[in-house]
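Geometric and topological summary
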Amino acid sequence: MIIGALVAGRQSDITVRRWREKREGVWCPEDRLRATWIGGLIIVPLSICASGLITTYVGGPIGLALNVLCLFANGMGIDLVSNPIGSYNVDVVHSRSAEATAANLASRSLIISVATTLIIPSIERIGFAWTDIIAAVLALIGQG
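The structure displayed is predicted, hence computed values, not measured ones.

Examining the packing of helix H3 (residues 60-92) against helix H4 (residues 97-126)
Viewed as axis vectors pointing N to C, H3 and H4 meet at an angle of 145°, and their least axial separation amounts to 8 Å. Considering only the axes of H3 and H4, their crossing is right-handed. In contact with Ser 82, Ile 85, Gly 86, Asn 89 and Val 90 of H3, H4 contributes Ser 97, Ala 100, Thr 101, Asn 104 and Arg 108. A per-class count over the contact of H3 with H4 returns 3 nonpolar, 6 polar and 1 charged.

Right under this line is the structure:
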C-alpha cells in the first residue's frame, strides 16, 4: 500500500501536468481520472484473472509465490485507481473535502462488503478461476 500510494500520487500528478500543458495552462479536475486507466483497465483485471488461474492450475510453493505476486500487482492497481479518485473528489468539492473523503471510503466499504458476501458461495459453486474471471469482467465494467 505504501508503494502503491507513492506511485499512484506521482502518476496522478504527472497526468494532471501533461493535460494542463496540452490545454495551455487550463486546469480541469477530471484530468486526475485519466490516471486510473492503467490500473483499472490493465493491472487489476489481469492480476485477478492470473490469480484465479494460478490458484486453480498451479500448486505448491510456486503457485503460492505467483499468487503473492498477483496480489501485489492487484494492490498496486487498486491504489492506481482509488487514490486519483479520492484526489479528484477533494479537487471538485474542496470546501467539503472531509465529507467527500468519507463518502468515497463509505462507498468503497459498501462495495467490498457486498463482494465479500458473494465471493465464498461463488468459489464453492463455480471455482476459483471462474469466480476471478467474473470479478475481472466486473472490474472492467466498473472502470469503463
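That covers the picture; the talk isn't over yet.
Here we look at helix H1 (residues 2-22)
Its 21 residues place the ends of H1 31 Å apart at the C-alpha level, agreeing with the 30 Å of an ideal helix rising 1.5 Å per residue. Every buried residue belonging to H1 is among Gly 4, Ala 8, Ser 12, Thr 15 and Val 16, and all of these are buried. Angularly, the buried residues of H1 cover 95° about the axis, an arc narrow enough to put them on a single face. Exposed and oriented more than 90 degrees from the buried face of H1 are Ile 2, Leu 6, Arg 10, Arg 18 and Glu 21. Residues of H1 that are buried make contact with H3.

So, the pattern of salt bridges
For the coordinates displayed, the defined rule picks out 5 salt bridges. The residue Arg 32 makes a salt bridge to Asp 13 at a minimum N-O spacing of 3.1 Å. Separated by 19 residues along the polypeptide, Arg 32 in the loop between H1 and helix H2 (37-57) and Asp 13 in helix H1 bring together distant segments of the chain. Accessibility expressed as a relative area gives 14% for Arg 32, which makes it buried. Residue class for Asp 13 comes out partly exposed when judged on its relative accessible area of 36%. Residue Asp 91 is joined to Arg 32 by a salt bridge in which the shortest nitrogen-to-oxygen separation is 2.7 Å. Of the two residues, Asp 91 is situated in helix H3 and Arg 32 in the loop between H1 and H2; the sequence distance between them amounts to 59 residues. Salt bridges linked by common partners bring Asp 13, Arg 32 and Asp 91 together as one network.

Quick word on the environment of Glu 124
In this fold, Glu 124 is placed in helix H4. A relative accessible area of 66% places Glu 124 in the exposed class. Taking the C-alpha atoms as reference, Glu 124 lies 38 Å from Asn 89; in sequence the two are 35 residues apart.

Analysis parameters
- Residues numbered from 1 in each chain as written.
- Predicted model: local features only at pLDDT ≥ 70, side-chain atom pairs only at ≥ 80, totals over all residues.
- Heavy atoms only, no water.
- Axes fitted to C-alpha atoms, helices over the stretch in contact; angles between N-to-C directions.
- Helix = DSSP H or I, 4+ residues; strand = E, 2+ residues; numbered from the N terminus.
- Left-handed = near helix turned anticlockwise from the far one by under 90°.
- Contact = heavy atoms within 4.5 Å.
- Nonpolar A, V, L, I, M, F, W, Y, C, P; charged D, E, K, R; others polar.
- Expected span 1.5 Å × (residues − 1).
- Buried < 20%, exposed > 50% of the residue type's maximum accessible area, 1.4 Å probe, protein only.
- Arc of directions from axis to C-beta.
- Salt bridge = Lys/Arg side-chain N within 4 Å of Asp/Glu carboxyl O.

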